[in-house]
Amino acid sequence: SEDATIDLCFVPNQTFAAFSKDMPWIITAHDLSAEHYKKSFSKKQRLWHWLVNARSMVKRASHVITVSEATKHDVCTSYGIQEADVTTLLSATTDVRGNIDRNSPTILRVRDFYSLPRHFFLYFGTIEPRKNLISLIKGYESYKEDFDKLQKKGVKNAPSHLILAGTKGWKMKKVQQYVQNSPHQESIVFIHDIPSEDREALFVLADAFIYPSHFEGFGFPPLEALVTHTPVITSHTSALPEVVSHHAILIDPARTEEIAQALWTVAMDENLFSSLGDEKAIVSHLRRFSWQKSADIFINKIAKDAIKER
């Protein structure tokens, strides 16, 4: 009606928006990758981020939500925002819930449909250089050079392939070209356009999940792998340690030898996941990531406070 008023506006991501001066509004800052890694974005993407002007939006908002403590710290230090004006609300998994095990018919269907090998390492995310995939491939190549040693040690179930799964990203051809020139190209496989119903099965089938990204505001794929009890190898940078806690192998993404050593560790230890934390500790950690908890805090605390201060 003509008398209706808006009490509060929520902007779930940095985008174009305009509000009157007396309108309280809250914005979510997912990460500041466009600030710190500009060369990893296309000219079109950089122009879009410049026009949006996330710094200005965050400074003008009544309150800021971040998806990790790492991003909160980044927002406060990079944009000069007071900590009291920023709240961390952790994200959670959606498509992957830990409901599929190796006895599920879905497992056989997914393995056959994608022609997956029996044992493999998995990367799942956008296929582009800024995810540090070339370093991952280099680490995998080093692992494969020593693959015969695993056979001599009697390791029969060592992962024999690297599966790079996910959506096609900017400069993906650089990754493809590197694989084409690799002496182990036959064991490096790309999979694209994976529907949500197949996602969890891929994690379950993998011997380990590898996510060596340099910078993440949160990190859904490592969390999804953890939910499925798949061993995780990920970077010790940005928000990734926060997502996996001590239940993963943390590596320096700039050091390919650490990636190779982590892959070797997975191959040598079939019970790796249990050695990274007992089930109760992992379940307790995963409970921190809940959409319901985050929604409750947003509605009952953040939104109410913003409206009161109007």
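Note: the structure precedes this text.
Bear in mind the structure is a predicted one, so any value in this text is a computation, not a measurement.

Thresholds, definitions, all that
- Residues numbered from 1 in each chain as written.
- Predicted model: local features only at pLDDT ≥ 70, side-chain atom pairs only at ≥ 80, totals over all residues.
- Heavy atoms only, no water.
- Helix = DSSP H or I, 4+ residues; strand = E, 2+ residues; numbered from the N terminus.
- Contact = heavy atoms within 4.5 Å.
- Polar contact = N/O pair within 3.5 Å; in protein donor to acceptor, adjacent residues only side chain to side chain.
- Expected span 1.5 Å × (residues − 1).
- Buried < 20%, exposed > 50% of the residue type's maximum accessible area, 1.4 Å probe, protein only.
- Pairing = 2+ DSSP bridges.
- Axes fitted to C-alpha atoms, helices over the stretch in contact; angles between N-to-C directions.
- Core = buried A, V, L, I, M, F, W, Y, C linked by side-chain atoms within 4.5 Å.
- Patch = residues over 30% accessible without salt bridge, like charges linked within 9 Å, V, L, I, M, F, W, Y side chains within 5 Å.
- Areas by Shrake-Rupley, 256 points an atom, 1.4 Å probe, with all protein chains shown as cover.
- Salt bridge = Lys/Arg side-chain N within 4 Å of Asp/Glu carboxyl O.
- Phe/Tyr/Trp six-rings, centres within 6.5 Å; stacked < 30°, edge-to-face > 60°.
- Lys NZ or Arg CZ within 6 Å of the ring centre and 35° of its normal.
- Parallel < 35°, antiparallel > 145°, perpendicular 65-115°, else oblique.
- Nonpolar A, V, L, I, M, F, W, Y, C, P; charged D, E, K, R; others polar.

**Some thoughts on the environment of Tyr114**
Link 1 in the chain: With respect to the helices and strands, Tyr114 occurs in the loop between helix 5 (105-113) and strand 5 (120-124).
Link 2 in the chain: Setting aside anything within four residues of it in sequence, one finds Tyr114 in contact with Ile191, Ile194, Pro195 and Asp198.
Link 3 in the chain: Within the structure, Tyr114 has its side chain in polar contact with the side chain of Asp198 (distance 2.8 Å).

**Things to note about helix 12 (residues 256-268)**
Link 1 in the chain: With 13 residues, helix 12 extends 19 Å between its outermost C-alpha atoms, agreeing within 8% with the 18 Å of an ideal straight helix rising 1.5 Å per residue.
Link 2 in the chain: All buried positions along helix 12 are accounted for by Ile259, Ala260, Ala262, Leu263, Trp264, Val266 and Ala267.

**Notes on the sheet that holds strand 1 (residues 9-11)**
Link 1 in the chain: Taken in spatial order, the four strands make up an open sheet running 1-2-3-4, and their pairing is parallel. This sheet does not close on itself; its edge strands, each paired only once, are strand 1 and strand 4 (86-88). Along the sheet, successive strands turn relative to each other by an average axial angle of 20°, direction set aside.
Link 2 in the chain: Of the pairings in the sheet, the one linking strand 1 to strand 2 (residues 25-29) comprises three bridges and is parallel in character. From the neighbouring strand, Cys9 faces strand 2, where its bridge partner is Trp25.
Link 3 in the chain: Sitting on the sheet, helix 15 (residues 291-308) touches strand 1, strand 2, strand 3 (63-66) and strand 4, and the angle it makes with strand 2 is about 125°.

**A word on the sheet that holds strand 7 (residues 188-191)**
Link 1 in the chain: Across the sheet, which stays open at both edges, the six strands sit in the order 7-6-5-8-9-10 with parallel pairing between neighbours. Each edge of the sheet is formed by a strand with only one pairing partner; in this case those strands are strand 7 and strand 10 (249-251). Looking at each pair of strands side by side, their axes are set apart by 25° on average, direction ignored.
Link 2 in the chain: Note: strand 5 against strand 6 (residues 161-165), five bridges, orientation parallel. Following the sheet pairing, Phe121 is matched in strand 6 by Leu162.

**Focus on the nonpolar core**
Link 1 in the chain: Formed by 68 residues in total, the largest nonpolar core has its most connected members in Leu116, Phe121, Leu122, Tyr143 and Leu164.
Link 2 in the chain: The biggest single contributor to this core is helix 12, with six residues.
Link 3 in the chain: Excluding its chain neighbours within four sequence positions, the residues that come into contact with Tyr143 are Phe121, Leu150, Ala158, Pro159, Ala260, Leu263, Trp264 and Ala267.
Link 4 in the chain: Ranked by size, the runner-up nonpolar core spans 16 residues in total, among them Val52, Ala54, Ile81 and Val86.

**Points about a nonpolar patch on the surface**
Link 1 in the chain: On the surface, a cluster of nonpolar side chains totalling about 590 Å² of accessible area is made up of Phe16, Leu47, Trp48, Trp50 and Leu51.
Link 2 in the chain: Structurally, the position occupied by Trp50 is in helix 2 (residues 43-52).
Link 3 in the chain: Assessed through its relative accessible area of 65%, Trp50 is described here as exposed.

**Observations regarding the pairing of strand 2**
Link 1 in the chain: Taking burial as the measure, the five residues of strand 2 include five buried ones, the bulk of the element.
Link 2 in the chain: Side chains of strand 2 alternate between two faces, with Trp25, Ile27 and Ala29 and Ile26 and Thr28 buried alike.
Link 3 in the chain: As paired elements, strand 2 and strand 3 share four bridges and run parallel to each other. Of the residues in strand 3, the one forming a bridge with Thr28 is Ile65.

**Things to note about the packing of aromatic side chains**
Link 1 in the chain: By the definition in use, this model includes 14 aromatic pairs.
Link 2 in the chain: Relative to Tyr211, the ring of Phe209 lies with its centre 5.9 Å away and its plane at 20°, an arrangement referred to as stacked. Residues Phe209 and Tyr211 agree in their burial class; the two are buried.
Link 3 in the chain: Taken together through their ring pairs, the aromatic side chains of Tyr123, Phe124, Phe203, Phe209 and Tyr211 make up a single cluster.
Link 4 in the chain: Above the plane of the ring of Phe147 lies Lys144, whose end atom (NZ or CZ) is 4.4 Å from the centre.
Link 5 in the chain: Arg288 extends its terminal NZ or CZ atom over the ring of Phe289, reaching a point 5.4 Å from the ring centre.

**Things to note about the packing of helix 5 against helix 9 (residues 196-205)**
Link 1 in the chain: It is at 9 Å that the axes of helix 5 and helix 9 come closest, and there the two elements cross at 90°. The angle between helix 5 and helix 9 falls in the class roughly perpendicular. Of the residues in helix 9, those touching helix 5 at Thr106, Ile107, Arg109, Val110 and Arg111 are Glu197, Asp198, Ala201, Leu202, Val204 and Leu205.
Link 2 in the chain: Class assignment of the residues belonging to the contact of helix 5 with helix 9 gives a composition of six nonpolar, one polar and four charged.

**Remarks on the side chain of Arg199**
Link 1 in the chain: Turning to its location among the elements, Arg199 is positioned in helix 9.
Link 2 in the chain: You can call Arg199 buried: its relative accessible area is 19%.
Link 3 in the chain: Among the polar contacts made by the side chain of Arg199, one reaches the side chain of Glu224 at a distance of 2.8 Å.

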